Amino acid sequence: MTGPTAAANAGATRHRVVIIGAGFGGLFAARVLKNAPLSVTVIDRTNHHLFQPLLYQVATGILSEGDVAPPIRDVLRKYRNTEVLIGDVTTIDLERRTLNVVNLGEDLEVEYDSLIVAAGAGQSYFGHSDFSRWAPGMKSIDDALEIRGRIFGAFEMAERETDPAKRREWLTFVIVGGGPTGVEMAGQIAELSHRSLHRNFRHFDPATARVVLVDAGDALIPAFGKRLSGKALSGLHKLGVEVHLNSLVTNVDENGIDAKAPDGSTMHIEAQTKIWAAGVEASSLGKLLGDGSGAEVDRTGRVKVNPDLTLPGHPEVFLVGDMINLNKLPGVAEVAMQGGMHAARTIKHRVETGNPNLPAKAFHYRNLGDLATISRFQAVAHIGPIKVAGFVGWLLWMFVHLTFLTGFKNRVATVFNWFIAFVGRGRPQRTITRQQVLARSVLQQQDRQ
Ligand SMILES: Cc1cc2nc3c(=O)[nH]c(=O)nc-3n(C[C@H](O)[C@H](O)[C@H](O)COP(=O)(O)OP(=O)(O)OC[C@H]3O[C@@H](n4cnc5c(N)ncnc54)[C@H](O)[C@@H]3O)c2cc1C
């Protein structure tokens, strides 16, 4: 056992709960446990809780990274039984009930009595990880800032480019993936070029930018149903977005993308800026837990958990959120939040009754609805029997996102930035740096050496 945090955790006399991940699942679990007579350690590799649904607004200059990513320590500061450990969980020993955390180059071992694993998911390139070099995904603050750098950087390159064909390439933006993130990104880039950047350049008109959305399926946001999917398509068309459905992306390189239709015909689009919003893959901790317990892990890395969210054979280990495969539950924030609360309530109940083997109740998910924006004042919302599109959908979208955004200061800053971007025509967060765009490639190169 090394390190002060590990020593504190080992010396605790109370029941020790360790939560891996301070995303939606982890944070809502910690909230349930905050007044319980136990000691909680929340471990995350980043120092912030990330509100992923608004990441695309960081990428398109509407919000700052701080608006959507409050520090975990600050969010949990009033939870007196809870400590925060920043570090990467690398291994979990289910027999010894310990895990290893790499913290600023130091290896720590942390013990637990109950474990909640809420490590979420990363981007999947469906076996083509080489695409990531040219088409960053949208999963972290680093991703969003890199994409922001690429988008605004492309307009800068177009301004100094004299060859019309090359300028066209700089002014072409391809988004791969027609789910909510892809639709939101496409709508925002179109709005940026038509509205926000008006009169910002002298050698070209930003409104001539070409925004292309490509998806292998036959509908956008299929989970919203046919009517709302159609509304999203017509909304994007009105914004001038070119949508290619039934187009499977087969190659992404420096200069563009290739896609194939079901009839075998191919399409090539020359574009300097490509954004990947297509697939997800659960945290590698899922495979680790599958290997350690014998639990089944599906091809996207999600673990088949018991109906009560426990790991088969390990009633003291819970998995929640994007890492689970249970009853076809979708990878959305509500599933993670409700799962985190369910796991925490079970642990709390066991501790309060003094019966660590108390069987847990099955997890029942209440679907509170789906929302996606298309542009300012336009969104689609599917809440219970209600299906709305347009301004009413947008008001609902705004209300729900503000409600779930963590922290009063973040809500105020977000409303202020929305006011500038949606009522005015500005993009308040357009700062970009060369490092944001280049750092990932350099780090990847370093890792390979
Ligand atoms: C761009 C985007 C837009 C989205 N929009 C919506 C939306 O509009 N509505 C909706 O409901 N859902 C949306 N989602 C999905 C939603 O964000 C996820 O379903 C939700 O975040 C899952 O919560 P989670 O707790 O499982 O994981 P996350 O919220 O991803 O949290 C996982 C945490 O674990 C940490 N972590 C991971 N691995 C380790 C490790 N080895 N060691 C330490 N820490 C680790 C991560 O740093 C992270 O903080 C969106 C997702 C994305 C990416």
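Residues numbered from 1 in each chain as written. Predicted model: local features only at pLDDT ≥ 70, side-chain atom pairs only at ≥ 80, totals over all residues. Heavy atoms only, no water.

### Considerations on the pattern of salt bridges
Taken as a whole, this structure holds 14 salt bridges when the rule is applied. The closest approach of N and O atoms between aspartate 291 and lysine 287, which form a salt bridge, is 2.9 Å. Highlighted residues: aspartate 291 and lysine 287, both in helix H10 (residues 285–293), separated by four residues, approximately one helical turn. Ionic contacts of the salt-bridge type, sharing partners, join the residues Arg16, Glu111 and Asp113 into one network. (Salt bridge = Lys/Arg side-chain N within 4 Å of Asp/Glu carboxyl O. Helix = DSSP H or I, 4+ residues; strand = E, 2+ residues; numbered from the N terminus.)

### What about the nonpolar core?
A general tendency of soluble globular proteins is for nonpolar side chains to be buried together. By size, the foremost hydrophobic cluster in this structure holds 66 residues, and its most contacted members are Ile151, Phe155, Ile175, Met185, Leu213, Leu236 and Val241. The element contributing the most residues to this core is helix H6 (residues 141–160), with nine residues. There are two domains that each give this core at least three residues, and those are domain 1 (4–45 + 87–123 + 281–353) and domain 2 (129–278 + 376–445). Sequence-distant contacts of valine 241, that is, excluding residues within four places in its chain, are made with Ala186, Ala190, Val211, Leu213 and Leu236. Leu85, Leu311, Phe318 and Leu329 belong to the second largest nonpolar core, which has 53 residues in total. (Core = buried A, V, L, I, M, F, W, Y, C linked by side-chain atoms within 4.5 Å. Buried < 20%, exposed > 50% of the residue type's maximum accessible area, 1.4 Å probe, protein only. Domains from an automatic or database assignment. Contact = heavy atoms within 4.5 Å.)

### Here's the deal with the packing of helix H2 (residues 24–33) against helix H11 (residues 333–353)
Two elements in contact, H2 and H11, have axes separated by 7 Å at closest approach and are oriented at 35°. In terms of crossing hand, the pair formed by H2 and H11 is right-handed. On H11, the residues touching Phe24, Gly25, Phe28, Ala29, Val32 and Leu33 of H2 are Ala333, Ala336, Met337, Gly340, Met341, Ala344, Arg345 and Lys348. (Axes fitted to C-alpha atoms, helices over the stretch in contact; angles between N-to-C directions. Left-handed = near helix turned anticlockwise from the far one by under 90°.)

### So, the site of the ligand
Taken together, 25 residues sit near the ligand, with Gly25, Asp44, Gln52, Val89 and Asp322 positioned nearest. The contact in question runs from an oxygen atom of the ligand to an N or O atom on the backbone of glycine 25, over 2.8 Å. At a separation of 2.8 Å, an oxygen atom of the ligand approaches a polar side-chain atom of aspartate 322. Across the complex, the protein chains shield 89% of the 990 Å² of accessible surface that the ligand would expose by itself. Listing elements by their share of the shell around the ligand, those giving two or more residues are H2, strand S4 (88–93) and H11. Looking at the shell around the ligand residue by residue, the classes come out as ten nonpolar, ten polar and five charged. (Near = heavy atom within 4 Å. Polar contact = N/O pair within 3.5 Å; in protein donor to acceptor, adjacent residues only side chain to side chain. Areas by Shrake-Rupley, 256 points an atom, 1.4 Å probe, with all protein chains shown as cover. Nonpolar A, V, L, I, M, F, W, Y, C, P; charged D, E, K, R; others polar.)

### Remarks on the pairing of strand S10 (residues 210–214)
The element S10 is extensively covered by neighbouring structure, given that four of its five residues are classed as buried. By the bridge criterion, five bridges tie strand S9 (residues 172–176) to S10 in an arrangement that is parallel. When the sheet's bridge partners are listed, threonine 172 is paired in S10 with arginine 210. (Pairing = 2+ DSSP bridges.)

### Here's the deal with the packing of H6 against helix H8 (residues 180–196)
Taken N-terminus to C-terminus, the directions of H6 and H8 make an angle of 35°; their axes are 12 Å apart at the nearest point. Regarding H6 and H8, the two cross each other, and that crossing is right-handed. Residues Ile147, Ile151, Phe152 and Phe155 of H6 touch H8, and the partners they reach there are Met185, Ile189, Leu192 and Ser193. In the contact of H6 with H8, the residues fall into seven nonpolar, one polar and no charged.

### Here we look at the environment of glutamine 123
Looking at the secondary structure, you find glutamine 123 in strand S8 (residues 121–124). Spatially, the C-alpha atoms of glutamine 123 and proline 262 are 25 Å apart, while their sequence positions differ by 139 residues. Sequence-distant contacts of glutamine 123, that is, excluding residues within four places in its chain, are made with Gly137, Met138, Lys139, Trp276, Ala277, Ala278, Gly279, Val280 and Glu281. A distance of 2.9 Å separates the side chain of glutamine 123 from the backbone nitrogen of methionine 138, its partner in a polar contact. Within the structure, the side chain of glutamine 123 is placed 3.0 Å from the backbone oxygen of glycine 279, a separation counted as a polar contact.

### Observations concerning the packing of aromatic side chains
Summed over all chains, the structure comprises 15 aromatic pairs. Arranged with centres 6.2 Å apart and planes meeting at 25°, the rings of tryptophan 394 and tryptophan 397 form a pair that is stacked. Here tryptophan 394 and its partner tryptophan 397 are both found in helix H12 (residues 391–404), three residues apart, which amounts to about one turn of the helix. Taken as a pair, tryptophan 394 and tryptophan 397 share a single burial class, namely buried. When the ring centre of phenylalanine 28 is taken as reference, the NZ or CZ atom of arginine 31 above it lies at 4.5 Å. (Phe/Tyr/Trp six-rings, centres within 6.5 Å; stacked < 30°, edge-to-face > 60°. Lys NZ or Arg CZ within 6 Å of the ring centre and 35° of its normal.)

### Some words on the confidence of the model for the protein
Detailed reading of the predicted coordinates is not advisable wherever pLDDT falls low. Counting all residues, the mean pLDDT for the protein is 93, and 97% of those residues have values of 70 or more. The low-confidence segment residues 1–5, where pLDDT is below 50, has twelve contacts with residues more than four positions distant or belonging to other chains. (pLDDT = per-residue confidence, 0-100.)

### Remarks on the environment of isoleucine 147
One can find isoleucine 147 in helix H6. The exposure class assigned to isoleucine 147 is buried, which follows from its relative accessible area of 1%. For the pair formed by isoleucine 147 and aspartate 130, sequence separation is 17 residues and the distance between their alpha carbons is 17 Å. With sequence-adjacent residues up to four places away left out, isoleucine 147 is seen in contact with Ala59, Pro136, Gly137, Met138, Met185 and Ile275.

### Concerning the side chain of glutamate 146
Topologically, glutamate 146 is positioned in helix H6. According to the relative accessible area criterion, glutamate 146 is buried, its value standing at 2%. Each residue touching glutamate 146, except ones within four places of it in the same chain, is listed here: Pro136, Gln436, Val437 and Arg440.

### Structural notes on the domain arrangement of the protein
Each domain of the protein was delimited in the assignment, giving domain 1 (4–45 + 87–123 + 281–353) and domain 2 (129–278 + 376–445). Computed from C-alpha atoms alone, the centre-to-centre distance between domain 1 and domain 2 is 33 Å. Listed by partner, the interface residues are six residues for domain 1 and eight residues for domain 2. For the pair domain 1 and domain 2, the two sides together bury roughly 490 Å², of which 60% comes from carbon and sulfur. For the pair domain 1 and domain 2, the interface holds zero salt bridges. Put simply, domain 1 and domain 2 have one residue pair in polar contact (both at pLDDT 80 or more) between them. For the side of domain 1 that touches domain 2, the secondary-structure elements that each account for two or more residues are S8 and H11. Looking at the side of domain 1 that touches domain 2 element by element, the count peaks at three residues for S8. Residue composition of the side of domain 1 that touches domain 2, grouped by class: three nonpolar, two polar and one charged. (Buried area = accessible area lost by both parts, 1.4 Å probe.)

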